[in-house]
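# Understanding the architecture of this molecule
If you want the building blocks of each chain, they are given just below.
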Amino acid sequence: MKNAGDVETGLSSFEEFLGELYHKYKSLRDGTVANYIPELAKVNPELFSICIVTADGRVYEVGDRTHLFTIQSISKVLVYGLALEDRGRDYMLTRVGVEPTGDAFNAIILDELSKRPYNPMVNAGAIATTSLIKGTGATERLNRLLDMYRRYVGHDVFVDISVFTSERSTGHRNRAMAHLMLNFGMIDVHIEEALDLYFQQCAVMVNCRDLAVMAATLANRGINPITGEKAVDSTYIKDILSVMYTCGMYNFAGEWAYKIGIPAKSGVSGGIIAVIPGYMGIAVFSPLLDSRGNSVRGVKVCEELSHKFGLHMFDCVQRNLESIPES
Ligand code: DON
(Lines give C-alpha, C1' and ligand atoms only; values in the text may rest on other atoms or scores of the structure.)
Protein backbone atom coordinates (compact mmCIF):
# COMPACT_ATOMS: atom_id res chain seq x y z
CA MET A 1 0.00 0.00 0.00
CA LYS A 2 1.30 3.50 -0.80
CA ASN A 3 0.49 6.94 0.50
CA ALA A 4 -0.27 9.73 -1.97
CA GLY A 5 3.02 11.41 -0.98
CA ASP A 6 5.05 8.25 -1.61
CA VAL A 7 4.18 7.75 -5.25
CA GLU A 8 7.02 7.69 -7.73
CA THR A 9 6.99 10.69 -10.04
CA GLY A 10 10.60 10.72 -11.28
CA LEU A 11 10.98 11.60 -14.95
CA SER A 12 11.06 8.50 -17.12
CA SER A 13 11.01 7.98 -20.85
CA PHE A 14 7.28 7.40 -20.49
CA GLU A 15 6.85 10.76 -18.79
CA GLU A 16 9.01 12.31 -21.52
CA PHE A 17 6.61 10.83 -24.05
CA LEU A 18 3.72 12.44 -22.17
CA GLY A 19 5.67 15.73 -22.29
CA GLU A 20 5.96 15.42 -26.06
CA LEU A 21 2.24 14.77 -26.33
CA TYR A 22 1.57 17.79 -24.12
CA HIS A 23 3.69 20.11 -26.28
CA LYS A 24 2.26 18.72 -29.50
CA TYR A 25 -1.34 19.47 -28.50
CA LYS A 26 -0.79 22.58 -26.36
CA SER A 27 -0.88 24.66 -29.56
CA LEU A 28 -4.22 23.12 -30.63
CA ARG A 29 -6.84 25.74 -29.84
CA ASP A 30 -9.90 24.33 -31.60
CA GLY A 31 -13.17 24.22 -29.67
CA THR A 32 -14.86 26.46 -27.13
CA VAL A 33 -15.28 26.36 -23.37
CA ALA A 34 -18.71 25.37 -22.00
CA ASN A 35 -20.78 28.46 -21.29
CA TYR A 36 -24.31 27.15 -20.68
CA ILE A 37 -23.33 26.95 -17.00
CA PRO A 38 -22.29 30.61 -16.59
CA GLU A 39 -19.60 29.90 -14.00
CA LEU A 40 -17.79 27.44 -16.35
CA ALA A 41 -17.34 30.15 -19.00
CA LYS A 42 -14.78 31.88 -16.74
CA VAL A 43 -12.17 29.11 -17.13
CA ASN A 44 -8.78 29.79 -18.73
CA PRO A 45 -8.97 27.92 -22.08
CA GLU A 46 -5.17 27.42 -22.13
CA LEU A 47 -5.18 25.00 -19.18
CA PHE A 48 -3.98 21.52 -20.12
CA SER A 49 -2.79 18.49 -18.18
CA ILE A 50 -2.32 14.78 -18.72
CA CYS A 51 -1.94 12.18 -15.98
CA ILE A 52 -1.61 8.41 -16.03
CA VAL A 53 -1.81 6.26 -12.91
CA THR A 54 -1.01 2.58 -13.25
CA ALA A 55 -2.99 -0.16 -11.52
CA ASP A 56 -0.04 -0.62 -9.15
CA GLY A 57 0.01 3.06 -8.19
CA ARG A 58 2.73 4.73 -10.29
CA VAL A 59 1.94 8.30 -11.35
CA TYR A 60 3.05 10.05 -14.55
CA GLU A 61 1.85 13.59 -15.14
CA VAL A 62 2.52 16.74 -17.16
CA GLY A 63 0.98 20.20 -17.43
CA ASP A 64 -1.26 22.14 -15.06
CA ARG A 65 -1.31 19.29 -12.59
CA THR A 66 -2.60 21.15 -9.53
CA HIS A 67 -5.40 23.13 -11.20
CA LEU A 68 -8.80 22.32 -9.67
CA PHE A 69 -11.94 22.14 -11.78
CA THR A 70 -15.44 20.69 -11.35
CA ILE A 71 -15.79 17.04 -12.30
CA GLN A 72 -19.14 17.48 -14.15
CA SER A 73 -20.30 14.40 -16.07
CA ILE A 74 -17.37 12.21 -15.06
CA SER A 75 -19.23 12.00 -11.74
CA LYS A 76 -21.91 9.94 -13.51
CA VAL A 77 -19.58 6.93 -13.69
CA LEU A 78 -18.91 6.89 -9.95
CA VAL A 79 -22.48 7.61 -8.90
CA TYR A 80 -23.71 4.80 -11.16
CA GLY A 81 -21.37 2.45 -9.25
CA LEU A 82 -22.79 3.62 -5.91
CA ALA A 83 -26.37 3.22 -7.17
CA LEU A 84 -25.53 -0.33 -8.31
CA GLU A 85 -24.20 -1.08 -4.83
CA ASP A 86 -27.31 0.47 -3.23
CA ARG A 87 -29.94 -1.09 -5.49
CA GLY A 88 -28.38 -3.99 -7.37
CA ARG A 89 -28.09 -4.60 -11.10
CA ASP A 90 -31.60 -5.91 -11.74
CA TYR A 91 -33.37 -3.03 -10.05
CA MET A 92 -31.14 -0.46 -11.73
CA LEU A 93 -32.05 -1.94 -15.11
CA THR A 94 -35.74 -1.35 -14.41
CA ARG A 95 -35.03 2.37 -13.85
CA VAL A 96 -32.16 3.26 -16.19
CA GLY A 97 -31.33 1.51 -19.48
CA VAL A 98 -27.91 0.72 -20.93
CA GLU A 99 -28.53 1.72 -24.56
CA PRO A 100 -26.46 4.38 -26.32
CA THR A 101 -28.66 7.19 -27.61
CA GLY A 102 -26.78 8.75 -30.51
CA ASP A 103 -28.25 11.99 -29.16
CA ALA A 104 -26.70 14.87 -27.26
CA PHE A 105 -25.99 14.41 -23.54
CA ASN A 106 -28.76 16.86 -22.64
CA ALA A 107 -31.47 15.50 -24.96
CA ILE A 108 -34.93 15.43 -23.37
CA ILE A 109 -35.81 11.87 -24.35
CA LEU A 110 -36.86 8.62 -22.69
CA ASP A 111 -37.16 5.13 -24.15
CA GLU A 112 -40.56 5.03 -25.90
CA LEU A 113 -41.64 1.66 -24.52
CA SER A 114 -40.11 1.42 -21.06
CA LYS A 115 -40.08 5.17 -20.27
CA ARG A 116 -36.61 4.67 -18.81
CA PRO A 117 -33.84 7.12 -19.59
CA TYR A 118 -31.53 5.48 -22.13
CA ASN A 119 -28.38 5.12 -20.03
CA PRO A 120 -26.71 6.49 -16.88
CA MET A 121 -24.14 8.56 -18.81
CA VAL A 122 -26.60 11.05 -20.36
CA ASN A 123 -28.13 13.70 -18.12
CA ALA A 124 -31.60 12.14 -17.83
CA GLY A 125 -30.16 8.75 -16.83
CA ALA A 126 -27.70 10.35 -14.45
CA ILE A 127 -30.44 12.33 -12.67
CA ALA A 128 -32.52 9.15 -12.31
CA THR A 129 -29.44 7.30 -11.04
CA THR A 130 -28.67 10.01 -8.47
CA SER A 131 -32.27 9.90 -7.26
CA LEU A 132 -31.70 6.24 -6.33
CA ILE A 133 -28.79 6.88 -3.96
CA LYS A 134 -29.83 5.72 -0.49
CA GLY A 135 -29.83 7.89 2.62
CA THR A 136 -32.22 9.42 5.11
CA GLY A 137 -32.42 12.97 3.80
CA ALA A 138 -30.40 15.24 1.55
CA THR A 139 -27.44 15.66 3.92
CA GLU A 140 -26.86 11.95 4.38
CA ARG A 141 -27.10 11.33 0.64
CA LEU A 142 -24.60 14.12 -0.10
CA ASN A 143 -22.26 12.81 2.60
CA ARG A 144 -22.42 9.33 1.10
CA LEU A 145 -21.47 10.76 -2.30
CA LEU A 146 -18.60 12.78 -0.84
CA ASP A 147 -17.34 9.73 1.03
CA MET A 148 -17.44 7.73 -2.19
CA TYR A 149 -15.32 10.40 -3.93
CA ARG A 150 -12.88 10.32 -0.99
CA ARG A 151 -12.40 6.59 -1.45
CA TYR A 152 -11.75 7.01 -5.18
CA VAL A 153 -9.28 9.91 -4.91
CA GLY A 154 -7.70 9.25 -1.51
CA HIS A 155 -8.56 12.59 0.13
CA ASP A 156 -11.58 14.71 1.05
CA VAL A 157 -13.27 16.63 -1.76
CA PHE A 158 -15.62 19.61 -1.67
CA VAL A 159 -18.43 21.07 -3.76
CA ASP A 160 -17.70 24.38 -5.51
CA ILE A 161 -20.65 26.45 -4.32
CA SER A 162 -20.47 29.02 -7.13
CA VAL A 163 -20.62 26.35 -9.87
CA PHE A 164 -23.34 24.46 -7.99
CA THR A 165 -25.55 27.55 -7.57
CA SER A 166 -24.78 28.69 -11.13
CA GLU A 167 -26.06 25.38 -12.49
CA ARG A 168 -28.96 25.16 -10.05
CA SER A 169 -30.25 28.56 -11.14
CA THR A 170 -29.86 27.92 -14.89
CA GLY A 171 -30.30 24.12 -15.28
CA HIS A 172 -33.81 24.23 -16.67
CA ARG A 173 -33.23 21.51 -19.26
CA ASN A 174 -32.26 19.12 -16.49
CA ARG A 175 -35.29 20.26 -14.52
CA ALA A 176 -37.48 19.50 -17.55
CA MET A 177 -36.01 15.98 -17.79
CA ALA A 178 -36.65 15.39 -14.10
CA HIS A 179 -40.28 16.48 -14.51
CA LEU A 180 -40.71 14.16 -17.50
CA MET A 181 -39.34 11.24 -15.46
CA LEU A 182 -41.55 12.16 -12.51
CA ASN A 183 -44.52 12.08 -14.86
CA PHE A 184 -43.67 8.47 -15.84
CA GLY A 185 -42.92 7.38 -12.27
CA MET A 186 -39.21 6.96 -12.97
CA ILE A 187 -38.24 9.27 -10.09
CA ASP A 188 -39.79 8.83 -6.65
CA VAL A 189 -38.08 11.35 -4.44
CA HIS A 190 -38.75 15.06 -4.53
CA ILE A 191 -37.21 16.13 -7.83
CA GLU A 192 -35.66 19.36 -6.56
CA GLU A 193 -33.72 17.31 -4.02
CA ALA A 194 -32.59 14.84 -6.70
CA LEU A 195 -31.52 17.74 -8.94
CA ASP A 196 -29.65 19.46 -6.11
CA LEU A 197 -27.72 16.27 -5.40
CA TYR A 198 -27.00 15.84 -9.13
CA PHE A 199 -25.76 19.46 -9.46
CA GLN A 200 -23.63 18.98 -6.33
CA GLN A 201 -22.05 15.74 -7.60
CA CYS A 202 -21.16 17.60 -10.84
CA ALA A 203 -19.65 20.55 -8.91
CA VAL A 204 -17.14 18.49 -6.92
CA MET A 205 -13.61 19.86 -7.38
CA VAL A 206 -10.82 17.61 -8.68
CA ASN A 207 -7.49 17.96 -10.44
CA CYS A 208 -6.17 15.87 -13.31
CA ARG A 209 -4.33 13.48 -10.98
CA ASP A 210 -7.55 12.88 -9.01
CA LEU A 211 -9.26 11.87 -12.24
CA ALA A 212 -6.41 9.52 -13.16
CA VAL A 213 -6.52 7.91 -9.70
CA MET A 214 -10.28 7.38 -10.14
CA ALA A 215 -9.68 5.78 -13.53
CA ALA A 216 -6.87 3.64 -12.09
CA THR A 217 -9.20 2.54 -9.30
CA LEU A 218 -11.65 1.32 -11.91
CA ALA A 219 -8.73 -0.36 -13.72
CA ASN A 220 -7.72 -2.01 -10.44
CA ARG A 221 -11.05 -3.79 -9.71
CA GLY A 222 -12.35 -0.96 -7.55
CA ILE A 223 -9.32 -0.69 -5.23
CA ASN A 224 -7.59 2.71 -5.10
CA PRO A 225 -4.01 1.75 -6.10
CA ILE A 226 -2.45 4.56 -4.03
CA THR A 227 -4.30 4.08 -0.72
CA GLY A 228 -5.36 0.43 -1.05
CA GLU A 229 -8.91 1.38 -0.07
CA LYS A 230 -11.90 -0.24 -1.77
CA ALA A 231 -13.92 2.45 -3.59
CA VAL A 232 -16.55 0.26 -5.24
CA ASP A 233 -17.58 -3.40 -5.18
CA SER A 234 -15.59 -5.26 -7.85
CA THR A 235 -18.80 -7.05 -8.91
CA TYR A 236 -19.96 -3.85 -10.60
CA ILE A 237 -16.79 -2.88 -12.45
CA LYS A 238 -17.90 -4.66 -15.60
CA ASP A 239 -21.26 -2.86 -15.52
CA ILE A 240 -19.59 0.53 -15.09
CA LEU A 241 -16.99 -0.07 -17.80
CA SER A 242 -19.59 -1.43 -20.24
CA VAL A 243 -21.70 1.72 -20.10
CA MET A 244 -18.57 3.87 -20.29
CA TYR A 245 -17.51 1.97 -23.40
CA THR A 246 -20.86 2.22 -25.18
CA CYS A 247 -22.20 5.56 -23.86
CA GLY A 248 -19.44 7.51 -22.10
CA MET A 249 -18.56 9.84 -24.98
CA TYR A 250 -22.20 10.65 -25.85
CA ASN A 251 -22.99 10.98 -29.56
CA PHE A 252 -19.29 10.34 -30.30
CA ALA A 253 -19.37 7.04 -28.39
CA GLY A 254 -19.53 4.83 -31.50
CA GLU A 255 -16.67 6.56 -33.28
CA TRP A 256 -14.65 6.64 -30.04
CA ALA A 257 -15.19 2.88 -29.55
CA TYR A 258 -14.22 2.23 -33.18
CA LYS A 259 -11.10 4.40 -33.28
CA ILE A 260 -9.85 4.55 -29.69
CA GLY A 261 -11.52 1.50 -28.17
CA ILE A 262 -11.22 2.27 -24.44
CA PRO A 263 -13.99 2.70 -21.82
CA ALA A 264 -14.05 6.45 -21.18
CA LYS A 265 -16.08 9.35 -19.85
CA SER A 266 -15.96 13.06 -20.54
CA GLY A 267 -17.29 16.12 -18.73
CA VAL A 268 -18.11 19.64 -19.93
CA SER A 269 -15.47 21.25 -17.73
CA GLY A 270 -12.90 19.55 -20.00
CA GLY A 271 -11.94 16.30 -18.29
CA ILE A 272 -11.78 12.85 -19.85
CA ILE A 273 -11.01 9.60 -18.04
CA ALA A 274 -10.14 6.38 -19.82
CA VAL A 275 -9.66 2.97 -18.21
CA ILE A 276 -7.36 0.14 -19.35
CA PRO A 277 -8.60 -2.71 -17.13
CA GLY A 278 -5.78 -4.29 -15.16
CA TYR A 279 -3.22 -1.74 -16.37
CA MET A 280 -3.94 1.95 -15.86
CA GLY A 281 -6.18 4.97 -15.72
CA ILE A 282 -5.69 7.91 -18.08
CA ALA A 283 -6.93 11.45 -17.44
CA VAL A 284 -6.71 14.55 -19.61
CA PHE A 285 -7.93 18.01 -18.71
CA SER A 286 -8.37 20.76 -21.29
CA PRO A 287 -11.53 22.93 -21.28
CA LEU A 288 -11.82 23.54 -25.04
CA LEU A 289 -14.73 21.33 -26.17
CA ASP A 290 -15.98 20.08 -29.52
CA SER A 291 -19.63 20.32 -30.56
CA ARG A 292 -20.51 17.14 -28.63
CA GLY A 293 -19.09 18.43 -25.35
CA ASN A 294 -15.86 16.37 -25.39
CA SER A 295 -12.44 17.96 -24.79
CA VAL A 296 -10.72 18.47 -28.16
CA ARG A 297 -7.18 17.96 -26.84
CA GLY A 298 -8.42 15.17 -24.56
CA VAL A 299 -9.76 13.18 -27.50
CA LYS A 300 -6.51 13.72 -29.45
CA VAL A 301 -4.28 12.65 -26.55
CA CYS A 302 -6.33 9.51 -25.90
CA GLU A 303 -6.31 8.67 -29.60
CA GLU A 304 -2.55 8.97 -29.76
CA LEU A 305 -2.01 6.94 -26.56
CA SER A 306 -4.33 4.26 -27.86
CA HIS A 307 -2.48 3.98 -31.16
CA LYS A 308 1.02 4.19 -29.66
CA PHE A 309 0.43 1.45 -27.06
CA GLY A 310 -2.22 -0.59 -28.88
CA LEU A 311 -4.77 0.11 -26.15
CA HIS A 312 -7.87 -0.58 -28.26
CA MET A 313 -9.84 -3.31 -26.45
CA PHE A 314 -10.05 -5.47 -29.54
CA ASP A 315 -6.60 -4.85 -30.96
CA CYS A 316 -4.79 -8.14 -30.60
CA VAL A 317 -2.09 -7.08 -33.11
CA GLN A 318 -0.75 -3.77 -31.78
CA ARG A 319 -1.11 -4.20 -28.02
CA ASN A 320 2.20 -3.06 -26.60
CA LEU A 321 1.79 -2.51 -22.88
CA GLU A 322 5.29 -3.88 -22.19
CA SER A 323 6.78 -0.52 -23.23
CA ILE A 324 5.14 1.09 -20.18
CA PRO A 325 7.86 0.75 -17.51
CA GLU A 326 7.57 -1.77 -14.69
CA SER A 327 7.79 -0.55 -11.10
O1 DON B 1 -25.91 18.50 -16.23
C2 DON B 1 -25.07 19.11 -16.91
O3 DON B 1 -25.35 19.60 -18.00
C4 DON B 1 -23.66 19.23 -16.37
N5 DON B 1 -23.67 19.34 -14.95
C6 DON B 1 -22.82 18.05 -16.76
C7 DON B 1 -22.83 17.79 -18.24
C8 DON B 1 -21.58 17.19 -18.75
O9 DON B 1 -20.53 17.25 -18.18
C10 DON B 1 -21.70 16.60 -20.09
N11 DON B 1 -20.38 16.34 -20.62
N12 DON B 1 -19.86 16.34 -21.61
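## Some thoughts on the domain arrangement of the protein chain
Parsing the protein chain into structural domains produces domain 1 (2-72 + 205-323) and domain 2 (73-202). Distance from the C-alpha centre of domain 1 to the C-alpha centre of domain 2: 22 Å. Between domain 1 and domain 2, the contact holds 43 residues from the first and 40 residues from the second. Here domain 1 packs against domain 2, burying approximately 3,500 Å² in sum over the two surfaces, 66% of which is carbon and sulfur. Sorting the residues of domain 1 by area buried against domain 2 places Gln72, Met205 and Tyr250 first, and these three jointly supply 17% of that buried surface. The interface formed by domain 1 and domain 2 holds 2 salt bridges in total. A salt bridge links Arg150 to Glu229, with the shortest nitrogen-to-oxygen separation between them at 3.1 Å.

## Some words on the sheet that holds strand β2 (residues 59-63)
Spatial ordering of the open sheet is given by β2-β1-β7-β6-β5, a layout of 5 strands whose pairing is antiparallel. The open sheet has two edge strands with one neighbour each: β2 and β5 (264-266). Taken pair by pair, the neighbouring strands of this sheet meet at an average axis angle of 10°, ignoring direction. Both strand β1 (residues 49-54) and β2 contribute to a ladder of 5 bridges, which runs antiparallel. Residue pairing for β2: Cys51 is matched across the bridge by Glu61.

Calculation notes
- Residues numbered from 1 in each chain as written.
- Predicted model: local features only at pLDDT ≥ 70, side-chain atom pairs only at ≥ 80, totals over all residues.
- Heavy atoms only, no water.
- Domains from an automatic or database assignment.
- Contact = heavy atoms within 4.5 Å.
- Buried area = accessible area lost by both parts, 1.4 Å probe.
- Salt bridge = Lys/Arg side-chain N within 4 Å of Asp/Glu carboxyl O.
- Pairing = 2+ DSSP bridges.
- Helix = DSSP H or I, 4+ residues; strand = E, 2+ residues; numbered from the N terminus.
- Axes fitted to C-alpha atoms, helices over the stretch in contact; angles between N-to-C directions.

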